[in-house]
Structures are given as structure tokens and as C-alpha cells.
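Structural description and commentary
One letter stands for each residue in the lines below.
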Amino acid sequence: MKRLRLTLFALVFGILGVALSVGRGYAQVPETIPYSFPGIESRALVWIAAQMHILFAAFILGAPIFVVISEWIGLRKRDPRYDRLAKEVTKVTAILYSMTALTGGLFILFLIGLYPTLTTFMVSHFFPVFAVAYPLLFILETLVLYLYWYTWDTLTGPKKGRHVAIGVLLNIVGLTTLVVIDAPTSFMNTPPHPIETATLWDSIYNYSWMPLNLHRTIGNITFGGFITGMIAAYMYMFSKTPEEKAYYDWMGFVGNLIGVGALLFLPLAGYILAAEFFEFDASIGPYMMADQLSMFFEMQGAMVGLIFTASNLYIWLSMKRISGIESLKILGIPSTAIVKVGFAVILLGNAIWMTPHGFSATQATATEALELPSDWGFLALMPAKNTAAGLIVFVTIINYIIYNRAIRRGTIQWGKIDFMSQFILIFLAFSAIWTMGLMGAVRSLVRKYFHVYILFPDYTPESYTPTLRHASILITAMTVAFFAIVSFAIWLSLRTGKAKES
């Protein structure tokens, strides 16, 4: 196993080294002939490789944040459940880490072979980032991750604080890696002007760099929380003893709590990122919200609404296994009734959030659009959208406060939760992955007909805005593939754990 990891490690960085050297070589060639695969668009191949890499990277960057927090809480409270949760999630993270490197290497190879001129342009602007900073950070993160994992059973007792410190270092390196690689990513959307006099720092610290860092950090924590809930759901389904079911029931509760807690801040981070796009170029706003990408945002509103609805349904099912809460009332209203009403409010808020001024297909003309009646037009305005989003978040917070009061007031029976709740945890993970893929597509497509907005036009036949149907098929296929790989990693973790016990 160790030899395999070392081989993969050497292979990936060998590929990176070749990629960078080839990229520099292309800069000396007047014309380059990009490769093309028969039967599939080059953009689709790059899209798939990039999105799969982002999904794996999001998990291995997001999961360690709450893993270390969980380990620290377990140390402070002397509760072994938190330490076990942290260890099991880290085990899956270590298994999936090689997939992050492999998909990243594949993404770079596709860029070089399919878009050599674009690769040369990006490498020439960010050579210190691609050739020095990112590889060094990646190597350091790899070393710290495996140090964190392999010292788990040795740095215990009085040495446990040292292990937590290694975890903190892992998160510092991981977040630094995220911030560094976000520089060229955000540059493609909001490059500095004029580019001829821009320094490397100008290209890094562009309009959308910090908002993208904020959005991705919160998104990764949300993503990691829901994946943890999915891990717990799988483990719960395979558990055979009451003790195991009780533990994984608790683990699913913690994962969902973290996922939803971070999700509450995600719309605000998205607004901040969108505002920077507006500030950079006012034409991007209508293009996103009222033109070619409007139906993508309709789907985003529906998915986010489903996530909030499913999370509140999980709260309801969790409250059903708490005894002694019959007398719990808020302003004289039974707490269970408040949670039920919350479902209706969230559905109404989501309906308002996703109501546009008009409905049209992605490539439809203005005469083919269906508009709201004039009396209902206010539902498409931003005040209504902001009110609806705030209402959804507010109701979810209230429900969680009621849930926590119910846990303290009553007696929770871990392991006795309705079995349907485990499918809800899996659905939440699937929805989070799918929504991440959708919004990643939107962030790329706002560049319109440019590889790098305004600076580097896209003259290929693939330079068009895909329909929501076309994008949804690709996003669903990538989500299913990612789900299958993560499920295999969870199964492998479960199998090796049982082998050690026997």
C-alpha cells in the first residue's frame, strides 16, 4: 500500500513537471495544433476533469476543518465519540487524497493537449504559482496529512495536544493551497486592466479573488459536513449492534449540523461574489440573472430549497425519538407544531426565491419568454428574493434552536431514529454535490465567449452557452461518479476496520 502511494505520488508530480515544461515549450512555438477526441467536445472533457478534481479537493480541504475541531472537542470534553468521528472521516479523506492528485494531473494534461495556447497564456501569467507555490504546498499538505493520520494512535494521552497541533497545521496548509489556486481561477473571470502593466500581485488580487476564497471555504465546510453525514448513514445501515447504530446516529446528527450550519452563510458569500462580478462588469449581472444563465439560477434556487427542506425534515424525524418533550412550548405553542409550520414557510420562501420575471429556455428568443403577470412582478425583484432567503435561514435557525432545547429537556434515544433519516442524509450529500457542480458551471459560463474574460477570446465551435439540459446531464454524471468513488472509499474503510477488529 505504501509503495502504491509513493508510486502515485511520483507519477502525479512527474506529470505536473512535464506539464509545466511542455507549457513553457509551447510559449516558444508560433502556432500549436490542439488535440481533439472524436465524438466528444474538448470543453466537456476539461469540464469533467476540472469538476471531479474540485469535488475531491473540496472534501479533503473541508473535512479536516471540522475533523480537528471535533478532535479538540473530544479532548476537552473527554468524549471518545468526537475522536472516533474525526478518525473515521480522516481515514476516508486519506483514501480519497490520491484521487484528488490524479484528477488534478488529468485536468492539466487535458488543458495542455486540448487548449495549448490558453495553457501557455495562463502559465506565463502565473508561472511562480503553477511551478513553485502550488507544487510545494501540495507536497507539504500531503506530508502533513499522512503525518496526521499515521500518528493518531501514537500521539495520545498527554501527547494528544501535539496531534491536534498537526491537524491545525494541516488546515493552515490546506487553506493556503486553496487561496493560491483560486488566484488563476478568479483571474479568468475578473482579470486586471490594463493587463500589459499588471504585476503578478495585480493578477492574483483581482476583483473576485477574496470573494471566491470566502465562498469556497464556506462551501467546502458545508460539503464536508454533508459527506460526513453520508458516511454516517452508510455505516448506520451496515451496523448490526445497538451500540454501533447509536454512534453512527450521533455522527449523522453532527455531520448534518455542521453542513447546515455552514450552509446558512453560503448564500451571503454567493451574494458577495456576485456583487464583485457586477462591480467588475455590469453586463455580467443581467447575463446571469435575466438572460442566458437565468434558468441555471432557477435550478439553483430549487436545489438550495430542497436542501433546507430536507435538513428540516431530518430535524423533525430526530425530534420524534426524543422522549419527554411533550411539554416543550414556545410562546404557548407546542415545539413540534412550530417545526411543522416551518416546513410550509420554507417551501413558500423557496418558491419566491426561484420565481423569475420570465421563463425561457437557454437559447430562446425574447418573444418566446413567458412573463409573470404584472400584479405578481414584485416576486421577481431583489427585495422579495432577499426576504425569502432570509426567511428560510431564519426558520432553519429557529428549528435548530428548538431541536437543541428538546435534546436538553428530553431524553434522546440514539440509534432509534426513523430509518428514512439515513436516506435524507444521503440525499443531502448528493444535492450538495450536484449544486456545487451547477454553480461551478455558472461561474465559468459568466465569461461568455472568452477563456479569460475580455483578454482571451474563445474562437472554438464550443464557445456557446449550453442549455440547462446539457449541463444537467454532465453534472449528474459527474455527481454519480463521485458518489460511487466515495461510496467505495467508505466501504473500503468499513471493511478494513472490521478486519482489524477481527
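Residues numbered from 1 in each chain as written. Predicted model: local features only at pLDDT ≥ 70, side-chain atom pairs only at ≥ 80, totals over all residues. Heavy atoms only, no water.

1. What to know about unusual backbone geometry
For the bond running from H193 to P194, omega is -5°, close enough to zero to count as cis. A positive phi angle is found at R78, which is not glycine, with a value near 55°. Residue position: R78 is located in the loop between helix 2 (42-77) and helix 3 (80-114). Residue class for R78 comes out exposed when judged on its relative accessible area of 74%. Positioned with a positive phi, K448 is a non-glycine residue whose angle comes to about 60°. By the secondary structure assignment, K448 is in the loop between helix 15 (420-445) and strand 7 (450-452). For K448, a relative accessible area of 25% corresponds to the partly exposed category. (Helix = DSSP H or I, 4+ residues; strand = E, 2+ residues; numbered from the N terminus. Buried < 20%, exposed > 50% of the residue type's maximum accessible area, 1.4 Å probe, protein only.)

2. Topic: the packing of helix 8 (residues 209-238) against helix 9 (residues 242-263)
If you want to describe how two helices pack, look at the angle between their axes and the distance between the axes. Where helix 8 meets helix 9, the closest approach of the two axes is 7 Å, and the angle between their N-to-C directions is 160°. Considered as vectors, helix 8 and helix 9 are oriented roughly antiparallel to each other. Helix 8 and helix 9 meet at a crossing whose hand is left-handed. Seen from helix 8, the contacting residues are I218, I221, T222, G225, F226, T228, G229, I231, A232, M235 and Y236; seen from helix 9, they are K245, Y248, D249, M251, G252, G255, N256, I258, G259, V260, A262 and L263. Its residues assigned to classes, the contact of helix 8 with helix 9 comprises 13 nonpolar, eight polar and two charged. (Axes fitted to C-alpha atoms, helices over the stretch in contact; angles between N-to-C directions. Parallel < 35°, antiparallel > 145°, perpendicular 65-115°, else oblique. Left-handed = near helix turned anticlockwise from the far one by under 90°. Contact = heavy atoms within 4.5 Å. Nonpolar A, V, L, I, M, F, W, Y, C, P; charged D, E, K, R; others polar.)

3. Considering the confidence of the model for the chain
Per-chain confidence: the chain averages 84 in pLDDT, with 88% of residues scoring 70 or above. Least confident of the elements in the chain is helix 1 (residues 2-26), whose mean pLDDT is 44; most confident is helix 6 (residues 160-187), at 95. (pLDDT = per-residue confidence, 0-100.)

4. What to know about empty space enclosed by the protein
Under the counting rule described, the total for this entry stands at two cavities of 30 Å³ or more. In terms of lining, the largest cavity is formed by A63, P64, V67, V68, T90, T93, L145, Y148 and L170. Those elements giving two or more residues to the lining of the largest cavity turn out to be helix 2, helix 3 and helix 5 (127-150). In terms of residues, the lining of the largest cavity owes the most to one element, helix 2, which gives four residues. (1 Å grid on protein atoms, 1.4 Å probe; cavity = no way out; pocket = protein on both sides within 12 Å on 5 of 7 lines; lining within 4 Å. Points joined across faces, edges and corners; volume = space filled by probe spheres on them.)

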